[in-house]
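# Observations on chain architecture
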Amino acid sequence: MKKLAVLILAAGIGKRLKSRKAKVLHTIAGEPMIMRVLKKAIALTPVKIIIIVGHQSEAVKACIKESSHAVEFVEQKGLMGTAHAVLQAEKSLRDLDGTVLILSGDVPLVGDENLRFLYESHRKAGNDITIVSTVLTDPSGYGRVLRDANGGVVRIIEDKDATEEEKKIREINTGIYAAEKEFLFKAVKDVRKENVQEEYYLTDIVEIAVKEGKKIGAITVKNAIEVMGINTRVELADAERYFRKRKLSDLMLNGVTIVDPANTYIGPSVSIGIDSIIYPNTFLEGMTTIGEDCVIYPNVRIIDSHLGNRVVVKECSFILEGEIEDEATIGPFSQLRPETVIKKGAKIGNFVEVKKSTIGEGSKALHLSYIGDTTIGKGVNIGAGTITCNYDGTKKYPTIIEDEVFVGSDTQFVAPVRVGKGAVIAAGSTITKDVPRNALAISRVEQKNKEGWVLKRKLKVQSLRPELRPRVSKLKVRKKKQK
Ligand code: UD1
Ligand code: CA
């Protein structure tokens, strides 16, 4: 049986991006372009996937290796054009009897369905080569597809080599092809570099196929954006917008309210339950999951976090790798850093930062606090301005606050320290020792009131500065009357 192999071209510099980074490493919706293309290749379950690398090959390889897919890398030295790139894979495909599907690392939006359809049509028709085209309103920059009077494809002419007349053609080459292996490698060797760019163009194999009487097919993709090439940052932004729109539509069609889709940014792997409402200028990223009936208010960013059901995140909050259980409320202006667990119904309020801590069921820290390396039990109230002093400049230490503790405002816990169940911490205390269950801990200088101290001071000032006398004597009179 004939087999399928996939070849991904990813060696180019991507000059038009004007970047220090290789083009295929630029991301769309948080994922490098090359990874998107690779995923489509994997979905076709080919016998082999080969990636042609060249410019910044180490970085490209590292990016793919991280994802641990079985691919073979072939180095292209010299970057002499797309035909030259394909030729590098000849040795690796020596034993293949079948079809080579050629993809471009910079055409990242292509759908699995398009590729499956290409492969099936190619096989069914018994073609030697099948190209994929689309029709654009503005075809500039792309290779144009030239057809004969019967509609048969006869040639692809690159934009830079096209005449004014040819430039008017709106059917373009997408850079995706299926070709029989035997024909492909014979043809790429016949390609010459007599063109404006002095490169070996893969597109020339169409003309070679015509000359040799080979069977050529073409499929035309209707939704042009799916086969757009990313050559500039403008196109990168177009692709980003397309992806974002598609993800948002998908969420909306599955029961999520997106108040303003034009200003909401949700990554491809994020999931959201029904009847949740997402307000604008929200960024939900990575592997974030959000349950049902949640409300995410404006200007929130959540990365790799899990929110249960009926969670409310108020304005301007940031959550990284957090675990937030049902009915919890976060924000406005909260920061939850990694390894934070907010248990059921707990509340974190404005200007509260929580790091590597668990906030127990129904507990509250609503104003101006830092809670780090801390375990807080159920029903605890953390007063405004409470700080856990978890770091001595070298090491981090834990704070444990058991169930139903009441912490008065402006308290510092100098860790390591433990507060027993039901204890009360008086406002303004600095807690350096463990507090037993149900105890009151108070650590502040006792208040002294010095009666009449203000007036006495004023009299003293008057004796030193006579010009203040009239005002002070009035005060004296008033004081006498009171007596
Ligand atoms: C190519 C096609 C053009 C098509 C367009 C679609 C050719 C000659 N032209 O043009 O007809 O309309 O794609 O997007 O094929 N690459 C290598 N090695 C090289 C050169 C390029 O691996 O020596 C890789 C690039 O990394 C890229 C892909 O091949 O992923 C396409 O190269 P690029 O230079 O972007 O070609 P285009 O000018 O866009
Ligand atoms: Ca390109």
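Notes on the structure follow. (Residues numbered from 1 in each chain as written. Chains lettered and ligands numbered in written order. Predicted model: local features only at pLDDT ≥ 70, side-chain atom pairs only at ≥ 80, totals over all residues. Heavy atoms only, no water.)

The next thing to look at is the overall build of the protein chain. Scanning the protein chain from N- to C-terminus turns up 10 helices and 39 strands. On C-alpha atoms alone, the protein chain measures out to a radius of gyration of 34 Å, which is more than a quarter above the 23 Å that the 2.2 N^0.38 rule sets for 483 residues. The proportion of buried residues among the 483 residues of the protein chain is 46%. Within the protein chain, residue pairs in contact and separated by at least 24 positions form 40% of the contacts whose partners lie at least 6 positions apart. Total accessible area on the protein chain stands at roughly 24700 Å², and carbon and sulfur atoms take up 52% of it. Of note, the protein chain has its 76 positive side-chain charges centred 13 Å away from the centre of its 61 negative side-chain charges. (Helix = DSSP H or I, 4+ residues; strand = E, 2+ residues; numbered from the N terminus. Rg over C-alpha atoms; globule rule 2.2 N^0.38 Å. Buried < 20%, exposed > 50% of the residue type's maximum accessible area, 1.4 Å probe, protein only. Contact = heavy atoms within 4.5 Å. Areas by Shrake-Rupley, 256 points an atom, 1.4 Å probe, with all protein chains shown as cover. Lys, Arg positive; Asp, Glu negative; His and termini not counted. Charge placed at Lys NZ, Arg CZ, Asp CG, Glu CD.)

Taken together, 23 residues are adjacent to ligand 1, and G12, Q76, T82, E158 and N173 come closest. One nitrogen or oxygen atom from the side chain of Q76 is found 2.7 Å from a nitrogen atom belonging to ligand 1. The backbone of G81 places a nitrogen or oxygen atom 2.9 Å from an oxygen atom of ligand 1. Protein burial of ligand 1: of its 750 Å² of free accessible surface, 90% is covered by the chains. Secondary-structure elements contributing two or more residues to the shell around ligand 1 are β1 (3-10), α3 (82-87) and β10 (171-180). In terms of residue class, the shell around ligand 1 is made up of 8 nonpolar, 11 polar and 4 charged. (Near = heavy atom within 4 Å. Polar contact = N/O pair within 3.5 Å; in protein donor to acceptor, adjacent residues only side chain to side chain. Nonpolar A, V, L, I, M, F, W, Y, C, P; charged D, E, K, R; others polar.)

A few words now on the pattern of salt bridges. Tallied over the full model, the rule gives 23 salt bridges. E72 is the salt-bridge partner of K48, the closest N and O atoms lying 3.2 Å from each other. Note that K48 is positioned in strand β4 (residues 48-53) and E72 in strand β5 (residues 72-75), a separation of 24 residues in sequence. Looking at K48, the relative accessible area reads 29%, which means it is partly exposed. K181 is the partner of E182 in a salt bridge, and the nearest nitrogen-oxygen pair spans 3.9 Å. A relative accessible area of 10% places K181 in the buried class. (Salt bridge = Lys/Arg side-chain N within 4 Å of Asp/Glu carboxyl O.)

Moving on, we get to helix α4 (residues 112-125). Taking 1.5 Å of rise per residue, 14 residues should cover 20 Å, and α4 covers 20 Å from first to last C-alpha, within 8% of that figure. Within α4 the residues assigned to the buried category are N114, L115, L118, Y119, S121 and H122. Down the axis of α4, the buried set is contained in an arc of 165°. They therefore lie on one face. Exposed and facing more than 90 degrees away from the buried side of α4 are E113 and K124. Buried residues along α4 sit in contact with β1, α1 (33-43), β6 (98-104), β7 (129-135), β10 and β11 (216-221). Immediately beyond the C-terminal end of α4, within one or two residues, lies G126, with a positive phi of roughly 65°. (Expected span 1.5 Å × (residues − 1). Arc of directions from axis to C-beta.)

To continue, consider the layout of surface pockets. Counted as a void, the largest pocket has a volume near 1500 Å³. In terms of lining, the largest pocket is formed by 46 residues, of which the most central are R16, K23, T82, D106 and N231. Take the lining of the largest pocket: its biggest share by element is 4 residues, from β10. Of the residues contributing to the lining of the largest pocket, the split by class is 17 nonpolar, 19 polar and 10 charged. Quantified by volume, the second largest pocket comes out at close to 550 Å³. In this structure, the second largest pocket is lined by 28 residues; those nearest its centre are A29, R36, G267, P268 and S269. Among the secondary structure elements, those contributing two or more residues to the lining of the second largest pocket are α1, α4, α8 (233-253), β13 (265-266) and β16 (283-285). Of the residues that constitute the lining of the second largest pocket, the class distribution is 10 nonpolar, 5 polar and 13 charged. Each of two domains, domain 1 (3-227) and domain 2 (241-441), supplies a minimum of three residues to the lining of the second largest pocket. (1 Å grid on protein atoms, 1.4 Å probe; cavity = no way out; pocket = protein on both sides within 12 Å on 5 of 7 lines; lining within 4 Å. Points joined across faces, edges and corners; volume = space filled by probe spheres on them. Domains from an automatic or database assignment.)

Turning to the environment of A83, a few remarks are in order. Mapped onto the secondary structure, A83 falls in helix α3. Between the C-alpha atoms of A83 and K421, which are 338 residues apart in sequence, the distance is 74 Å. The contacts of A83, once residues within four sequence positions are left out, are V188, V191, Y200, Y201 and L202.

Attention now moves to the coordination of the calcium ion (ligand 2). Each protein donor to the calcium ion (ligand 2) is listed here as D106 (OD) and N231 (OD1); together their distances run 2.2 to 2.6 Å. Here the residue D106 occupies a position in the loop between β6 and α4, and N231 occupies one in the loop between β11 and α8, the gap between them amounting to 125 residues. We classify D106 as buried; its relative accessible area is 15%. The exposure class of N231 is buried, given its relative accessible area of 13%. (Donors = N, O, S within 2.8 Å, 3.2 Å for Na, K, Ca; no water.)

By themselves, these figures tell us nothing about what the structure is for.
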